[in-house]
Amino acid sequence: MDKLNHVIEAQQFTPERLSDIFAVAREMEQVVRHYGSNILNRRLMATLFYEPSTRTRLSFEAAMKRLGGEVITTENAREFSSAAKGETLEDTVRIVEGYADVIVIRHFESGAARRAASVARVPIINAGDGPGQHPTQSLLDVYTIQKEVGRLDGITVAMVGDLANGRTARSLAYLLAKYKDVKFYFVAPEVVRMKDDIKEYLHRHGVFFAEEEDLFKVAAMADVIYQTRIQKERFGDRTADYENARGKYIIDRELLQVMKERAVIMHPLPRVDEIHPEVDTDPRAAYFRQAHNGLYIRMALLKMVLNA
Ligand code: ASP
Ligand code: CP
């Protein structure tokens, strides 16, 4: 298999590449639990985050350090990097690639990672580009489904919440479409329904999907309920739209009653109020395990893009 270079969007991965990444991630679980590793000794990763993050930035940094590498970082790059003086992303990348072997970018504009990759000589990893995509999240999501549900072919997935602006749901739809007989149910408030680009992609690839209003009906059929946060930061001054969308679909004890016994509840996190904390102790609540899987997936990606 050729070297993995940039990680920009979920559609770029072939099923073979996905199983390679998951095999390396399983190895990384052993590295963390048992024997440690120094394979990225003397390698340096730069993280440029123009939007807030807890999991993505810290798990990438932990991943690099767990493999013996080093990290340079600018969190809140919108304010604290020279972007604040008007420097373009392209120029920033041209500079940072002189310092680091791989650059992980979270940006507020859709397409930013692709722009960065078009000028970069080192691998660029998209850690979320505005309402565009979040491909490393979808890799850890699929890895989690495989671990929790035990299969990827033939599953029924309910995607819930802000499907218009939620980049994780968008990337996950692209990625799961690569498996056989996956069925999607989209459950979203009217103002944030799944966008046409994804629906057209699924249609073109012969993947079943339906838009539903009744979360209870869908929850009874789903193997995976993928809940998402209404993306407040994408609403600008449309506060009434945000308030209407928020609170419409909440996972609580009542919903647990209708779910399959072996189904899982996932969420990319952070949650606000769309999953009631009373759900956390149910064995089907997989979202914290899901976030932990991010470390192994990101260790695997760094190992692969850096050819170690
Ligand atoms: N953390 C995820 C993201 O950055 C999901 C979210 O923020 O709701 O896309
Ligand atoms: N899931 C996710 O991307 O989390 P952060 O926004 O905290 O990085």
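Structural data are supplied above this passage.
Scoring rules and cut-offs
Residues numbered from 1 in each chain as written. Chains lettered and ligands numbered in written order. Predicted model: local features only at pLDDT ≥ 70, side-chain atom pairs only at ≥ 80, totals over all residues. Heavy atoms only, no water. Helix = DSSP H or I, 4+ residues; strand = E, 2+ residues; numbered from the N terminus. Contact = heavy atoms within 4.5 Å. Near = heavy atom within 4 Å. Polar contact = N/O pair within 3.5 Å; in protein donor to acceptor, adjacent residues only side chain to side chain. Areas by Shrake-Rupley, 256 points an atom, 1.4 Å probe, with all protein chains shown as cover. Salt bridge = Lys/Arg side-chain N within 4 Å of Asp/Glu carboxyl O. 1 Å grid on protein atoms, 1.4 Å probe; cavity = no way out; pocket = protein on both sides within 12 Å on 5 of 7 lines; lining within 4 Å. Points joined across faces, edges and corners; volume = space filled by probe spheres on them. Nonpolar A, V, L, I, M, F, W, Y, C, P; charged D, E, K, R; others polar. Pairing = 2+ DSSP bridges. Axes fitted to C-alpha atoms, helices over the stretch in contact; angles between N-to-C directions. Sits in = over half its atoms within 2 Å of the grid points.

Undergrad: Would you take a moment to explain the environment of Glu29 for this structure?
TA: By secondary structure assignment, the location of Glu29 is in helix α1 (residues 15-35). Once the C-alpha coordinates of Glu29 and Asn293 are considered, the two residues, 264 residues apart in sequence, prove to be 8.6 Å apart. Apart from residues no more than four positions distant in its own chain, Glu29 is found in contact with Tyr143, Lys147, Asn293 and Tyr296.

Undergrad: Is there a simple way to think about the site of ligand 1 in this case?
TA: Ligand 1 sits among Arg106, His134, Arg167, Thr168, Arg229, Gln231, Pro268, Leu269 and Pro270. Side-chain polar atom of Arg106 to an oxygen atom of ligand 1: 3.3 Å apart, as the coordinates give it. With respect to ligand 1, the side chain of Arg167 contributes an N or O atom lying 2.8 Å from an oxygen atom. Taken by itself ligand 1 offers 260 Å² of open surface, and the protein chains cover 91% of this.

Undergrad: Looking at this structure, how should I read the pattern of salt bridges?
TA: Side chains that differ in charge, positive against negative, can pair when their charged atoms come close. Throughout the structure, instances matching the rule amount to 27 salt bridges. Two residues, Glu51 and Arg234, come together in a salt bridge whose shortest N-O distance is 2.8 Å. Of this pair, Glu51 sits in the loop between β1 (44-49) and α2 (55-66) while Arg234 sits in the loop between β8 (224-227) and α10 (239-245), and the two are 183 residues apart along the sequence. Between Asp197 and Arg170 there is a salt bridge whose closest N-O contact spans 2.8 Å. Of the two residues, Asp197 is situated in helix α8 (residues 196-204) and Arg170 in helix α7 (residues 167-176); the sequence distance between them amounts to 27 residues. Because the salt bridges share partners, they merge into one network encompassing Glu190, Arg193, Asp196, Lys199 and Glu211.

Undergrad: Would you mind going over the layout of surface pockets with me for this structure?
TA: Left-over empty space is what a probe sized like a water molecule reveals as it rolls over the atoms. For the largest pocket, the calculated volume is near 430 Å³. Pro52, Arg106, Arg167, Arg229 and Pro270 are the residues nearest the centre of the largest pocket, which is lined by 22 residues in total. Going through the elements one at a time, α2 and α7 are the ones with two or more residues in the lining of the largest pocket. Considered as a void within the structure, the second largest pocket measures approximately 180 Å³ in volume. The set of elements that each furnish at least two residues to the lining of the second largest pocket consists of β1, β2 (70-74) and α4 (89-96). Grouping the constituent residues of the lining of the second largest pocket by class yields six nonpolar, six polar and one charged.

Undergrad: Honestly, the sheet that holds strand β6 (residues 183-187) in this entry has me stumped. Any pointers?
TA: Note on sheets: strands pair through backbone hydrogen bonds, and any given pair is parallel or antiparallel. Here five strands make up an open sheet; going across it, the order is β7-β6-β5-β8-β9 and the pairing parallel. A single partner strand is all that each edge strand has here, and the edge strands are β7 (208-211) and β9 (264-266). The mean angle between the axes of side-by-side strands here comes to 20°, regardless of whether they run parallel or antiparallel. As defined by bridge partners, β6 adjoins β7 across four bridges and the pair is classed as parallel. Along β7, the bridge assignment pairs Phe184 with Phe209. Packed on one face of the sheet, helix α6 (residues 135-149) meets β8 and β9 and runs near 165° to β9.

Undergrad: Got a minute to help me understand the site of ligand 2 in this structure?
TA: In the vicinity of ligand 2, the contacting residues are Ser53, Thr54, Arg55, Thr56, Arg106, His134, Gln137, Pro268 and Leu269. His134 places a side-chain nitrogen or oxygen 2.9 Å from an oxygen atom of ligand 2. Here a nitrogen atom of ligand 2 and a backbone polar atom of Leu269 are 3.1 Å apart. Burial of ligand 2 by the surrounding chains reaches 92%, relative to a free accessible area of 260 Å². Given that more than half its atoms are within 2 Å of the pocket grid, ligand 2 belongs to the largest pocket. For the shell around ligand 2, a count of residues per class yields two nonpolar, five polar and two charged.

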